[in-house]
Amino acid sequence: MFFFMKNQNEEEKEQLLSLKKRDADVPSASSSSIRFFTKVTACAVLLAGIGTLGKINVYDRQQQRFESSGVKQQLAFLGEVDGLPSCGPYVDDNLRTKLLHNGEEVQDAAIGYKECEFFSNLGSKAKLLGDQPSECVAPNTVITTYTSGDDFYHNLGLVVKNLKDQDCFMKRFLVVCADSACSEQATADGYNNIEFPEDSSNSDTSYGRFTWMKQKISLGVVGSGVNMFMVDADVVLFSVPETNSFLSQSNVDGMFQEDYMDYHGAYTNGPEWTKQYLDGVHAGASNFNSGQMWYRASERASRWIQTSLAHGVMCSPNCGLEQNVLHDAAKQAPVGDTELGVEPYALNIQPLPITYATFCSRTTDILHDWEVVKHMGEWKTLHMCCAGYKYDGMGNAIEKRKCAMQTPGPSCVEAGMGKEERWDYVAPAETTEKR
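Treat the numbers as computed from the prediction; the structure is a model and nothing was measured.

Overview of the state of the cysteines
Argument step 1. With the rule as written, the count across this model stands at six disulfides.
Argument step 2. Two residues, Cys136 and Cys168, share a disulfide whose sulfurs are 2.1 Å apart. Measuring the twist about the S-S bond at about 115 degrees, one finds the Cys136-Cys168 disulfide to be right-handed. Of the two residues, Cys136 sits in the loop between helix H5 (113–130) and strand S1 (141–147) while Cys168 sits in helix H7 (residues 167–170), which places them 32 residues apart along the sequence.
Argument step 3. For Cys136, a relative accessible area of 17% puts it in the buried group.
Argument step 4. Here Cys177 is linked by a disulfide to Cys182, with a sulfur-sulfur distance of 2.1 Å. Across the S-S bond linking Cys177 and Cys182, the dihedral sits near -60 degrees, which makes this disulfide left-handed. The two residues Cys177 and Cys182 agree in class, both being buried.
Argument step 5. Cysteine Cys385 is unpaired, with the sulfur of Cys360 as its nearest cysteine sulfur at 3.1 Å.

Comments concerning the sheet that holds strand S5 (residues 235–237)
Argument step 1. The strand order S5-S10-S9 describes an open sheet built from three strands, whose pairing is mixed. Edge strands, defined here as strands with exactly one partner in the open sheet, are S5 and strand S9 (356–358). Between one strand axis and the next, the sheet turns by 15 degrees as a mean value, whatever way the strands run.

Digging into the packing of aromatic side chains
Argument step 1. Per the counting criterion, the structure on display carries 14 aromatic pairs.
Argument step 2. Ring pairing ties together the aromatic residues Tyr90, Phe118, Phe119 and Phe196, which thus form one cluster.
Argument step 3. The residue whose ring lies beneath Arg303 is Tyr345, and the NZ or CZ to ring-centre distance is 5.0 Å.

Description of the environment of Pro197
Argument step 1. Mapped onto the fold, Pro197 is located in the loop between strand S3 (192–195) and helix H9 (206–222).
Argument step 2. As for Pro197 and Cys177, which are separated by 20 residues in sequence, their C-alpha atoms are 9.2 Å apart.
Argument step 3. Other than its neighbours up to four places away in sequence, Pro197 contacts Lys114, Glu115, Phe118 and Arg209.

Focus on the packing of helix H13 (residues 299–315) against helix H14 (residues 322–332)
Argument step 1. It is the contact of H13 with H14, at a shortest axis distance of 8 Å, that shows an interaxial angle of 125 degrees. As judged from the angle between their axes, H13 and H14 are oblique. Pair H13 / H14 crosses with right-handed handedness. On the side of H13, the interface is formed by Trp304, Thr307, Ser308, His311, Gly312 and Cys315, while H14 contributes Val325, Leu326, Ala329 and Ala330.
Argument step 2. Here the contact of H13 with H14 is built from residues that sort into six nonpolar, four polar and no charged.

A closer look at the side chain of Asp234
Argument step 1. Looking at where Asp234 falls in the secondary structure, it is placed in the loop between strand S4 (227–231) and S5.
Argument step 2. Using a relative accessible area of 0% as the deciding quantity, one classes Asp234 as buried.
Argument step 3. A polar contact of 2.9 Å, which involves the side chain of Asp234, links it to the side chain of His383.

Points about the side chain of Ser183
Argument step 1. By secondary structure assignment, the location of Ser183 is in helix H8 (residues 180–188).
Argument step 2. For Ser183, a relative accessible area of 9% gives the class buried.
Argument step 3. Contact partners of Ser183, with chain neighbours within four places excluded, come to Cys177, Asn193 and Glu195.

Here's the deal with the pairing of S3
Argument step 1. Here strand S2 (residues 173–177) pairs with S3 via four bridges, running parallel. The residue of S3 that forms the bridge with Leu174 is Asn192.
Argument step 2. For the crossover that starts at S2, traverses H8 and ends in the parallel S3, the hand is right-handed.

What about the pattern of salt bridges?
Argument step 1. A complete count under the given rule lists 16 salt bridges for this structure.
Argument step 2. Between Lys390 and Asp234 there is a salt bridge, and its shortest N-O distance comes to 3.5 Å. Here the residue Lys390 occupies a position in helix H16 (residues 390–406), and Asp234 occupies one in the loop between S4 and S5, the gap between them amounting to 156 residues.
Argument step 3. Residue classification places Lys390 among the buried positions, given a relative accessible area of 1%.

Criteria and thresholds
- Residues numbered from 1 in each chain as written.
- Predicted model: local features only at pLDDT ≥ 70, side-chain atom pairs only at ≥ 80, totals over all residues.
- Heavy atoms only, no water.
- Disulfide = S-S within 2.5 Å.
- Helix = DSSP H or I, 4+ residues; strand = E, 2+ residues; numbered from the N terminus.
- Buried < 20%, exposed > 50% of the residue type's maximum accessible area, 1.4 Å probe, protein only.
- Pairing = 2+ DSSP bridges.
- Axes fitted to C-alpha atoms, helices over the stretch in contact; angles between N-to-C directions.
- Phe/Tyr/Trp six-rings, centres within 6.5 Å; stacked < 30°, edge-to-face > 60°.
- Lys NZ or Arg CZ within 6 Å of the ring centre and 35° of its normal.
- Contact = heavy atoms within 4.5 Å.
- Parallel < 35°, antiparallel > 145°, perpendicular 65-115°, else oblique.
- Left-handed = near helix turned anticlockwise from the far one by under 90°.
- Nonpolar A, V, L, I, M, F, W, Y, C, P; charged D, E, K, R; others polar.
- Polar contact = N/O pair within 3.5 Å; in protein donor to acceptor, adjacent residues only side chain to side chain.
- Right-handed = clockwise from strand over helix to strand, strands pointing away.
- Salt bridge = Lys/Arg side-chain N within 4 Å of Asp/Glu carboxyl O.

Below, the structure is given as structure tokens:
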């Protein structure tokens with residue numbers, strides 16, 4: 001069931017105030033960390049109170065809420081069949097009136113003319129990259145991330161720091177840019193990149209456009225028949241994601257990052273304890289995080305993303321996190337969706353292995369816990385969600401992992417990125433001594 005996250009804005013506001021105070025207390029911290037926090041999607045710090053499995057009935061609740069407030073109801077379904085954009089294979093016929101918008105500006109989750117054109121261009125780009133020979137990435141598969149041209153862009157160098165010299169990875173890596181500043185910088189830095197349509201959303205905040213953009217990118221790639229592993233721009237890729245292994249699981253349509261992980265417990269108690277722990281987490285709340293996602297190019301995966309976006313149109317502006325809408329759409333698949341005219345369909349999504357790590361932990365600060373840090377060499381990735389200082393956290397994690405692998409010892413928890421390695425480091429001016 002889709003729940004409107006009543007307390008979410010208040011929780012986010014408290015987090016931002018906390019970050020603001022930390023910026024004031026710690027002069028060396030980047031003042032842009034608040035902007036980073038609002039941009040980072042799908043962090044489990046906001047996952048408390050996630051809705052449970054049930055019938056999706058957002059439209060009825062939306063209508064009831066408007067009626068009780070005395071405000072005139074605005075139609076959730078946008079436009080008529082005639083005059084709507086042609087979106088080719090990306091939008092199913094029975095979802096056209098739920099998803100497509102015929103105006104210049106659209107709601108965050110809706111799809112307009114610019115997005116349909118973008119899907120076609122993105123699909124061509126993804127197919128081209130997916131055809132490139134690679135010894136380390138599965139056939140017909142790309143690895144993607146998305147970012148913007150402000151200070152957040154500099155995270156990108158840390159996302160691929162460990163992989164930038166591996167050609168088999170980099171020629172399959174695609175950066176989707178939210179603006180022209182990002183595109184110009186990404187081109188200069190040698191990244192494969194494509195730009196998301198400018199002004200394609202009438203959102204009051206860049207956060208709304210930025211988060212729903214992720215699902216639209218996913219639909220564009222998957223709808224073009226290309227498999228994809230997608231990460232947020234605050235995910236460190238320690239090694240090449242195991243896309244060949246993912247693809248070999250022929251009955252799995254998608255895989256997601258699990259949050260609320262207890263790494264200390266897992267590494268001190270073993271696999272059986274970890275399984276029981278995660279089963280308990282699943283029973284009590286959602287720990288679905290879309291910050292790391294594997295999508296198989298299938299009709300089922302495309303339908304899943306489309307229904308999620310359609311419900312994003314319906315529940316706007318009170319959807320909560322877009323990842324919760326995506327998760328609920330997956331849970332709804334086996335029973336169908338009468339509101340959207342979608343028949344029941346089989347969809348199999350599974351959690352990624354815990355080596356696709358998350359900073360969202362219910363126990364210790366994992367980057368200062370030696371029982372965890374000494375296992376970081378096993379990790380494939382780390383998502384720095386639930387943290388205000390994305391750039392610093394990513395850089396420090398890389399150094400702690402390197403220390404644990406090369407010179408293991410408890411002191412590795414203190415390892416961190418040197419100031420000379422930061423993107424904003426300015427070397428002191430040379431001075432000449434007067435004689």
